[in-house]
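# Inside the fold
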Amino acid sequence: QVQLVESGGGLVQAGGSLRLSCASSGRTISSRAMGWFRQPPGKEREFVACIGWIDGTTYYADSVKGRFTISRDKSLVYLQMTSLKLEDTAVYYCAATAGQSDWATESIYNYWGQGTQVTVSS
């Protein structure tokens, strides 16, 4: 089992920044990649970014490229969010997968955190 706990969400004005953290514990050796997903109000959950544990390969959704940065440090994964927009408002989830590919695909992730709310105001 892998346990994931997100933190760092909150209320921020448009144009501002936030850094989300995801602490992982348990059988993390089985994880090949970590991802961040988000679920805006009234919408489906969507891919945001992911990073490979071994070589640090990263992928981003087009909507966040150039504004968000995913990184890892030991058992922590971060999502640095800058130039935040109203449409970034969502519950953000981190997730872990043992899969070797398709890391932008929600269905391959085995473990999920409880989520942290990010609200961007005008």
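For the structure, check the block above.
Note that the structure is predicted; figures quoted are calculated from it, not measured.

## Considering the state of the cysteines
Per the counting criterion, the structure on display carries 1 disulfide. Disulfide partner of cysteine 22: cysteine 94, at an S-S distance of 2.0 Å. One disulfide, between cysteine 22 and cysteine 94, carries an S-S torsion of 55 degrees and so falls in the right-handed class. Separated by 72 residues along the polypeptide, cysteine 22 in strand β3 (residues 18-26) and cysteine 94 in strand β9 (residues 90-97) bring together distant segments of the chain. We classify cysteine 22 as buried; its relative accessible area is 0%.

## Description of the packing of aromatic side chains
Under the definition given, this model contains 6 aromatic pairs. Arranged with centres 5.7 Å apart and planes meeting at 70 degrees, the rings of phenylalanine 37 and phenylalanine 47 form a pair that is edge-to-face. Highlighted residues: phenylalanine 37 in strand β4 (residues 33-39) and phenylalanine 47 in strand β5 (residues 46-52), separated in sequence by 10 residues. Among the residues examined, phenylalanine 37 registers a relative accessible area of 1% and is labelled buried. Geometrically, the ring pair formed by phenylalanine 37 and tyrosine 109 is edge-to-face, given 5.1 Å between the ring centres and 80 degrees between the ring planes. Here tyrosine 109 lies in the loop between β9 and β10 (111-112) and phenylalanine 37 lies in strand β4, a separation of 72 residues in the sequence. In this structure tyrosine 109 comes out as buried when scored by relative accessible area, which is 5%. Site record: aromatic cluster; members linked through ring pairs are Phe37, Phe47, Tyr93, Tyr109 and Trp112. Across the ring face of tyrosine 93, the terminal group of arginine 45 is positioned such that the distance to the ring centre comes to 4.9 Å. Against the face of tryptophan 112 rests arginine 45, its NZ or CZ located 3.8 Å from the ring centre.

Conventions and cut-offs
- Residues numbered from 1 in each chain as written.
- Predicted model: local features only at pLDDT ≥ 70, side-chain atom pairs only at ≥ 80, totals over all residues.
- Heavy atoms only, no water.
- Disulfide = S-S within 2.5 Å.
- Helix = DSSP H or I, 4+ residues; strand = E, 2+ residues; numbered from the N terminus.
- Buried < 20%, exposed > 50% of the residue type's maximum accessible area, 1.4 Å probe, protein only.
- Phe/Tyr/Trp six-rings, centres within 6.5 Å; stacked < 30°, edge-to-face > 60°.
- Lys NZ or Arg CZ within 6 Å of the ring centre and 35° of its normal.

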